[in-house]
Amino acid sequence: MKLWTIVKSQSEISDDQKNRIKALYEGVFLQPQVSGIATVSANKVPLLHLKRKVGTNWEYSSNLTSVYLNILHKIATAGTTFKVKNALLTGVGKGSICVEVVKGLFSGGAHIVITTSRHNRSTVEYYQSIFQTFGSRGSALTVVPFNQDSKQDVEALNGREIDGIDNKSELAHCIMLTNLLRILGAVKGKQASRQFLTCPTQVILPLSPNHGLFGNDSLYSDSKISLETLFQRWTSESWGEYLSLTGAVIGWTRGTTLMGLTNIIAHKLKSYGIRTFSAKEMAFNILGLMHPLLFSITQDEPIWADLNGGMDRLPDLAEITTRIQSSLMKESDLRRAIAHDNATDYKILNGVDAECLIQTVDVLPHANFRFKFPDLETQETLINVTKLCDLIDLEKVMVVTGSGEAGPWGNSRTRWEMEA
Ligand SMILES: NC(=O)c1ccc[n+]([C@@H]2O[C@H](COP(=O)([O-])OP(=O)(O)OC[C@H]3O[C@@H](n4cnc5c(N)ncnc54)[C@H](OP(=O)(O)O)[C@@H]3O)[C@@H](O)[C@H]2O)c1
């Protein structure tokens with residue numbers, strides 16, 4: 001009843017929204033044993049939807065989903081606020097989904113703590129520039145170094161089947177699962193030590209529809225599946241009042257470090273009914289999950305957000321992606337052969353030199369200054385200075401002469417070469 005009483009008293013929630021929440025509330029909380037969920041055929045379920053637990057299964061909830069989609073619409077049109085919210089974000093490298101989430105949180109006025117495994121000047125300046133562009137009233141940024149281990153090791157993990165699991169695979173598993181659990185444990189520990197019982201921390205779990213779907217990805221799917229056990233542990237263990245859970249099953253998100261290499265095949269997946277996302281779009285979906293309304297709901301029970309865009313509807317995805325990849329390779333081989341053939345024809349018909357005319361040459365400016373030795377003044381030009389004779393005791397005067405520059409880049413010429 002608590003949530004509905006709060007919602008009812010909020011003047012900024014429209015009547016239409018209140019009715020939806022009431023319907024949701026009746027379905028979700030007042031009759032927990034009754035599903036209140038109409039069975040919908042798989043192809044009618046929206047590509048972005050929320051699930052709630054019914055018995056031991058997670059089922060599509062049309063009520064929760066309509067609240068979520070309504071929230072996304074509201075955020076897109078009127079915006080939302082994250083004022084006085086503190087957010088801790090890991091995995092916020094350039095091009096990642098999380099860096100787009102950061103932009104949204106800054107726009108909403110949140111205080112963000114970013115962890116980075118590459119804590120150096122350029123990384124800090126990168127986050128600083130994001131803050132300068134997107135920061136709004138009340139927002140603040142703290143960047144802290146945090147290495148769950150070596151990034152290269154994680155990147156070197158692709159292409160491992162079960163007979164190739166080595167210490168690097170274990171390391172990645174540790175980064176994606178064990179250390180993530182440790183972070184949650186540390187947050188819970190801090191909350192418990194301060195007896196923060198009525199103010200849980202919302203955790204957005206980065207889940208994946210890839211449960212071995214593609215193969216060759218070492219322990220990646222194992223870590224992601226293991227994260228799902230947190231939903232059970234939320235009730236079976238004792239930390240539920242400190243942490244609220246929202247699982248985001250992230251669909252195919254193009255252009256990130258993880259998926260960058262597969263960008264080339266992403267557009268072809270559309271014809272198979274799969275929706276792929278840009279990092280911005282996925283971040284927007286995730287920001288919707290942080291809306292105060294959904295956060296309130298997660299205080300009563302965890303939410304499962306299925307943002308996978310239909311990836312799970314294709315059991316033979318690995319086969320499809322391999323097929324697309326090999327057809328693209330064939331097409332590129334063909335085009336290369338045609339281009340080569342055309343170039344050879346052109347050379348034979350017009351001569352080797354003719355090709356030079358259509359080649360563009362980029363001329364880049366190059367620092368190449370020449371400095372002559374400066375002209376020396378004659379002795380006569382110093383005649384005026386003779387007036388100073390005997391005015392000061394030259395034995396006691398320090399004279400500094402010379403011209404030019406000495407600095408970290410050498411003299412002005414070498415500095416200019418560095419700068420140009
Ligand atoms: N992209 C997708 O299609 C997709 C699909 C399903 C699930 N997901 C999940 O969504 C999450 C974000 O994915 P993404 O595509 O945005 O990933 P990403 O671009 O590959 O970003 C991963 C981030 O992890 C951080 N990282 C790497 N090594 C680290 C280490 N040793 N310690 C701490 N941090 C380290 C990096 O940030 P710093 O080095 O700056 O710290 C990097 O920005 C992941 O959990 C992924 O599994 C993604």
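1. Focus on helix α4 (residues 97-107)
And then number 1: Counting buried positions over the 11 residues of α4 gives 10, a clear majority of the element.
And then number 2: Tucked inside the fold, the buried residues of α4 contact β3 (86-89), β4 (111-116), α5 (121-134), β5 (140-145), β7 (243-250) and α11 (279-289).

2. What about the domain arrangement of the protein?
And then number 1: Along its sequence, the protein is organised into domain 1 (40-79 + 148-315) and domain 2 (379-419).
And then number 2: Distance from the C-alpha centre of domain 1 to the C-alpha centre of domain 2: 67 Å.

3. Considerations on the sheet that holds β5
And then number 1: Ordered in space as β3-β4-β5, the 3 strands form an open sheet in which the pairing is parallel. In the strand order of this sheet, the two ends are held by β3 and β5, each with one partner. Across the sheet, the axes of successive neighbouring strands diverge by a mean angle of 15 degrees, strand direction being ignored.
And then number 2: Pairing of β3 with β4, which is carried by 4 bridges, proceeds in the parallel orientation. Residue pairing for β4: L88 is matched across the bridge by V113.
And then number 3: On the sheet, α4 packs against β3, β4 and β5 and is oriented at approximately 170 degrees with respect to β3.

4. So, helix α9 (residues 229-236)
And then number 1: Those residues of α9 that sit buried are L230, F231 and W234. All buried residues of α9 lie within an arc of 110 degrees about the axis, which places them on one face of the element.

Rules and cut-offs
Residues numbered from 1 in each chain as written. Predicted model: local features only at pLDDT ≥ 70, side-chain atom pairs only at ≥ 80, totals over all residues. Heavy atoms only, no water. Buried < 20%, exposed > 50% of the residue type's maximum accessible area, 1.4 Å probe, protein only. Helix = DSSP H or I, 4+ residues; strand = E, 2+ residues; numbered from the N terminus. Contact = heavy atoms within 4.5 Å. Domains from an automatic or database assignment. Pairing = 2+ DSSP bridges. Axes fitted to C-alpha atoms, helices over the stretch in contact; angles between N-to-C directions. Arc of directions from axis to C-beta.

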